[in-house]
Amino acid sequence: MVVRTPGRQPNTQKQSKTDHRQQKRKRDQDDLQKLDQARLSQRLSLRCRLYSMLTHSLSFIYLFLQDPKSAEIKNFTHLPLSQPTILGLKASHFQTLTEVQQQAIPLALKSNDILGAAKTGSGKTLAFLVPVLEKLYRAQWTEYDGLGALIISPTRELAVQIFQVLRKIGRYHAFSAGLVIGGKSLKEEAERLSRMNILVCTPGRMLQHLDQTAGFDANNLQILVLDEADRIMDMGFQSAVDALVEHLPKSRQTLMFSATQSKKVSDLARLSLHEPEYVSVHEAAVSATPTNLQQHYIITPLHEKMDTLYGFIKANLKSKMIVFLSSGKQVRFVYESFRHLQPGIPLLHLHGRQKQVARLEITSRFTTAKHSCLFATDVVARGIDFPAVDWVIQADCPEDVDTYIHRVGRTARYESNGRAVLFLDPSEEAGMLKRLEQKKIPIQRVSVKEKKKKSVKTDLQNMCFQKPDLKYLGQKAFISYIRSIHLQKNKDVFKLNELDLDAFAAGLGLPGTPQIKFHKGDDIKKIKNAPRDGMSSGSESDTDLDGEDDKTKKKKKSRKQEVRTKYDKMFERQNQDVLSKHYSKLVVDGTTTTTTTTNNNNNNSDSEDDFLSVKRRLNDADLDAEISKGHINSAKIIEGLGGAEPFVIDSKRREKALQSKKKMLKFRGNPTKLVFDDDGNSHEIYELQDEEDFQNEGPADEQRLKFVESESARVREADADDKQLARQKKREKREKRKAREKGEPIGGEDEAPPVLGGGGGDDGEDPLALLRSLPMAGEDDEPPRKKKKKWFQDEDDEHEHDEDKKKAGRGKVFRVSEGPDTLEDLEALATGLLDCT
């Protein structure tokens, strides 16, 4: 018998697993040490190359030990990168480095802060994603360490694109990554947020999670990346970025990339950058835009812009193009109007007001489309990589040169060709060309061929007339464009006074020019609520941005401590320069208003008493007295509304109150519920009597006798009415029979004999008409009437039917003295008919 020692084999397996885990940890540490040595050797700038083989986790790589700015690194395999990163780049078909990647990645691997500026389409995304993966890999980051890298993007579409590239090149890493861009449930995002190592986000949504999501912090953040940093750092995101940076640790690495980088000291101080390295690849280039981009501009007046745009699209139906407009309302109007015009190319539209699902779907459809036209705002002007875009059309002039550079960067991406067209109004040409020249942007003027011009003005007018929704969109588009021109800072380019607004409204198909109030931003409410004293002259030259001059401000300051009465508030009310009918009815005497205004300059003491009269509510007696005196001529009294008091109309307000159900309830009295009997007569609902009231009326037996007597009398009256109605029917029947004996038509027409089964009761006929039409006693000599021929019966059928009758012979006749009136008469008649058969 062999006895085995229990537990011996499991101990051996446990020991082998421990040894394997220790060996793997040692190999990872050796790999990290070699990577650190390679990075340090680059910093020492040694003039030689080292070849080393990294066991299990690293393949052969060439380590340049020269200064990263002077070294010629052409492939990703020449960089000291981890094996998962190299495998991910190779699987994603990234092999050759671009210029910005050659300079930025080696500096970022040394944990330096970077300011990167390069042309659009130069590969800036990989320039910061590769350092992010390497930073966390060298720190041996796991999901239990929390957030390690934060990548901020100004738009949702750009954040989605960055996240997709991160998934491709980081597929062999063990890091967890998330996308936080809004448009989804905040609760669902918060549940997964604490387990994420890398987050790609927009500023507003990330700040919301840092403020509201419990248990989520960024205290261990290793690296912060800002893509399109100039857009993130401007006024639109300034408050969100400042609040977001307060949650982040200062001991972190920061990378900033953009096509037009900001080098302001204030911006760098806000982000806590420490001795940043400035990487500018194309700073000394001849042009700030790609060299393979053809740039043109067309001079087109504002009212011809829709015609020029439609003609351009019709001339390039086999192309893929993006049309940039200044506002979302313009995008909607142009898209809807061109969709009805059907130019012959698939149309899409994209703006910031759309829901997140729709934006992602439209972006995906345009990316995969071969021929399409996308109307969009600047939400897709930065960083979005749409493949094979042939044309970029800027129908509205960009607000600055940086926006122009980002817009045209959607085409001619990384060694591919592209073309861009800018539409300029004659008033915008000189100022815009001057600024483009300062930024070293070559652009040529082209003109539209006459045969390519398409006029759509009449079509737009017809559509706006037939479709009110399209007309409303056109009005909103007009207002949004004019306001955007008014709010632009470059007044040398955007000259509102030189634009023909009436012609522009007609070019959009609108029947008239919408009215616009030109105010700046938040100051609109202040100007709207300001008193009319300082605005009575009709000009705004003596007022500041708030619409108030110095005198008005002094009055306001001095009145803060005073007690304001009801009359003071009345005189500070708006529209004081408008004399309305309602104001004239506040004065009892109609001549008081004119005398007050004419004698105001003479300081007449008598007019002070009549300057303002308090309106009073008139009772019936007072109203009759005032009417008799002639003071009130147009007062109306409406009675019979249901209430105890009549409704007196002595002002416009009380006349308007007639349309309000809520205000008229007290004049309609208490509501009463009505019920309807079988005959359709209405009466009040029956209510049970209280017990005390019932006992006060007398004993129950007496009340029962009274009730029985009253009901008996009511029944007798009903019987008398029924008997009288029966006699009248008999009399009418007798008269009809006499008329039938004399051969006179009844009711002016010959009566046809009733047909059995003919639906007697459906058409309002008497169901006993068949029985009453049978022959009576003493009517043998009356000749039989000819039966009317049915619509489907032929003459041959009728002849055959008569022969059958003759063969059958004549049946028996049952005679009755008078027509049946009661059920017994009907039973007797039916019995006689059965006996006859």
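Further up the page is the structure itself.
Computed from a predicted structure; not experimentally measured.

1. Quick look at the overall build of the protein chain
- Each helix and strand counted, the protein chain has 31 helices and 20 strands in total.
- Per-residue burial over the protein chain gives 38% buried out of 837 residues.
- For the protein chain, contacts bridging at least 24 residues in sequence account for 70% of all contacts bridging at least 6.
- By element, 49% of the accessible surface of the protein chain is carried by carbon and sulfur atoms, the whole surface being about 53200 Å².

2. A closer look at the side chain of Arg382
- Residue position: Arg382 is located in the loop between strand E13 (372-376) and strand E14 (391-394).
- A polar atom in the side chain of Arg382 sits 3.3 Å from the side chain of Glu228.
- Within the local environment of Arg382, its side chain forms a polar contact with the side chain of His406, the two groups lying 2.9 Å apart.
- If sequence neighbours within four positions are ignored, Arg382 has contacts with Leu158, Glu228, Asp230, Arg231, Ser258, His406 and Arg410.

3. Quick notes on the packing of aromatic side chains
- Overall, the coordinates contain seven aromatic pairs when judged by the stated rule.
- Taking 5.8 Å as the distance between ring centres and 80° as the angle between the ring planes, the aromatic pair formed by Phe338 and Phe375 counts as edge-to-face. Of the two residues, Phe338 sits in helix H12 (residues 328-341) while Phe375 sits in strand E13, which places them 37 residues apart along the sequence. Phe375 shares its class with Phe338; the two are buried.
- Taking the centre distance of 5.0 Å and the plane angle of 85° together, the rings of Phe366 and Phe386 count as edge-to-face. With Phe366 in helix H13 (residues 356-368) and Phe386 in the loop between E13 and E14, the pair connects residues that are 20 residues apart, well separated along the chain.
- Classification of Phe366 as buried rests on a relative accessible area of 0%.

4. Here's the deal with the environment of Leu226
- Here Leu226 shows up in strand E7 (residues 223-227).
- The class for Leu226 is buried, based on a relative accessible area of 1%.
- C-alpha of Leu226 to C-alpha of Leu255: the two residues are 29 residues apart in sequence and 6.3 Å apart in space.

5. Looking at the nonpolar core
- Of all hydrophobic cores here, the largest spans 121 residues; its most connected members are Phe76, Ile198, Leu309, Phe338, Phe375 and Phe478.
- Among the elements that make up this core, the one with the highest residue count is helix H4 (residues 124-138) (nine residues).
- Counting 27 residues, the second largest nonpolar core, distinct from the first, contains Cys201, Leu221, Met233 and Leu248.

6. Here we look at the pairing of strand E15 (residues 418-424)
- Of all seven residues that make up E15, six are buried, and the element is covered over most of its length.
- Two elements, strand E10 (residues 293-299) and E15, share seven bridges in a ladder whose sense is parallel. By the bridge assignment, Ile299 is partnered in E15 with Leu424.
- Relative to E15, E14 runs parallel, the two being bridged by four bridges. Each residue of the ladder has a partner; that of Gln394, found in E15, is Leu422.
- With helix H14 (residues 401-408) bridging E14 and the parallel E15, this β-α-β connection has right-handed handedness.

7. Comments concerning the sheet that holds strand E9 (residues 277-280)
- Reading across the sheet, the seven strands line up as E5-E6-E4-E7-E8-E3-E9 and stay open at both edges, with parallel pairing between neighbours. With one partner strand each, in any of the chains shown, strand E5 (177-180) and E9 form the two edges of the open sheet. Averaged over neighbouring strand pairs, the angle between their axes works out to 15° when direction is ignored.
- The pairing of E5 with strand E6 (residues 198-201) spans four bridges and is parallel. What sits directly across from Val180, in E6, is Cys201.
- Against the sheet, H4 makes contact with strand E4 (149-152), E6, E7 and strand E8 (253-258), and its axis sits at roughly 165° relative to E8, the strand it touches most.

8. A short note on helix H2 (residues 83-91)
- Where H2 is concerned, the buried positions are Gln83, Pro84, Thr85, Ile86, Gly88 and Leu89.
- Looking at the residues trailing H2, positive phi occurs at His93, about 65°.

9. Description of the environment of Phe423
- Turning to its location among the elements, Phe423 is positioned in strand E15.
- Phe423 sits in the buried class, given a relative accessible area of 1%.
- Placed 127 residues apart in sequence, Phe423 and His296 show a C-alpha to C-alpha distance of 9.0 Å.
- If near-sequence neighbours (up to four positions away) are discounted, Phe423 is found in contact with Ile298, Thr300, Lys305, Thr308, Leu309, Ile393, Gln394, Ala395, Cys397 and Glu428.

10. Looking at the packing of helix H11 (residues 305-315) against H12
- At a minimum axis separation of 12 Å, H11 and H12 run at an interaxial angle of 55°. The angle between the axes of H11 and H12 places the two elements in the oblique class. Handedness of the crossing formed by H11 with H12: right-handed. Between H11, through Met306, Leu309, Tyr310 and Ile313, and H12, the contact on the second element is made entirely by Phe333, Val334, Ser337, Phe338 and Leu341.
- Classifying every residue of the contact of H11 with H12 by side-chain character gives eight nonpolar, one polar and no charged.

11. Observations regarding the sheet that holds E10
- Pairing in this open sheet of seven strands is parallel, and the strands run E12-E13-E11-E14-E15-E10-E16 from one edge to the other. The open sheet has two edge strands with one neighbour each: strand E12 (347-350) and strand E16 (444-445).
- When E12 meets E13, the two strands line up parallel, connected through four bridges. Counterpart to Leu347 in the pairing with E13 is Cys373.
- Sitting on the sheet, helix H15 (residues 429-438) touches E10, E15 and E16, and the angle it makes with E15 is about 145°.

12. Some details on unusual backbone geometry
- A positive phi angle is found at Gln140, which is not glycine, with a value near 50°.
- In this fold, Gln140 is placed in the loop between H4 and E4.
- Here Gln140 falls in the partly exposed class, since its relative accessible area comes to 45%.
- In this structure, Ala412 is a non-glycine residue whose phi angle is positive, near 55°.
- Among the structural elements, Ala412 can be located in the loop between H14 and E15.
- The exposure class of Ala412 is buried, given its relative accessible area of 3%.

Rules used throughout
One numbering rule holds for all chains: residues counted from 1, following each sequence as written. Whole-chain, interface and lining totals are the exception, using all residues; otherwise, since this is a predicted model, local features are given only for residues with pLDDT of at least 70 and side-chain atom pairs are given and counted only at 80 or more. The side-chain values count all of the structure's non-hydrogen atoms but skip hydrogen atoms and water molecules. Put simply, DSSP H or I for four residues or longer makes a helix, DSSP E for two residues or longer makes a strand, and each gets a number counted from the N terminus. Relative accessibility thresholds used throughout: buried, under 20% of the residue-type maximum; exposed, over 50%; partly exposed, between the two (1.4 Å probe, protein chains only). Two residues qualify as a contact provided that any one of their heavy atoms is within 4.5 Å of a heavy atom in the partner residue. Surface exposure here means Shrake-Rupley accessible area, sampled with a 1.4 Å probe, where a residue is shielded only by the protein chains that are shown. Under this definition, polar contacts are N or O atom pairs within 3.5 Å; protein pairs additionally need one hydrogen-donor-capable and one acceptor-capable atom, and for neighbouring residues in sequence, both atoms have to be side-chain atoms. Put simply, two rings from Phe, Tyr or Trp (the six-membered ring, in Trp's case) pair if the centres are within 6.5 Å, and we call them stacked under 30 degrees between planes, edge-to-face over 60, tilted for the rest. To define a nonpolar core, start from buried Ala, Val, Leu, Ile, Met, Phe, Trp, Tyr and Cys residues and group those joined through side-chain atoms within 4.5 Å. In this description, strands pair whenever DSSP reports at least two bridges between them. Assignment of crossover handedness uses the view with strands pointing away from the viewer, where a clockwise path from the first strand over the helix to the second indicates a right-handed crossover. With axes taken as lines fitted to C-alpha atoms, and helix axes fitted only over the stretch in contact, angles between N-to-C directions fall between 0 and 180 degrees. With respect to orientation, any angle under 35 degrees is reported as roughly parallel, any angle over 145 as roughly antiparallel, any angle of 65 to 115 as roughly perpendicular, and every other angle as oblique. Two helices crossing with the near one rotated counterclockwise from the far one by less than a right angle form a left-handed crossing, whereas a clockwise rotation gives a right-handed crossing. Just so you know the grouping, Ala, Val, Leu, Ile, Met, Phe, Trp, Tyr, Cys and Pro go in nonpolar, Asp, Glu, Lys and Arg go in charged, and all remaining residues, Gly too, go in polar.

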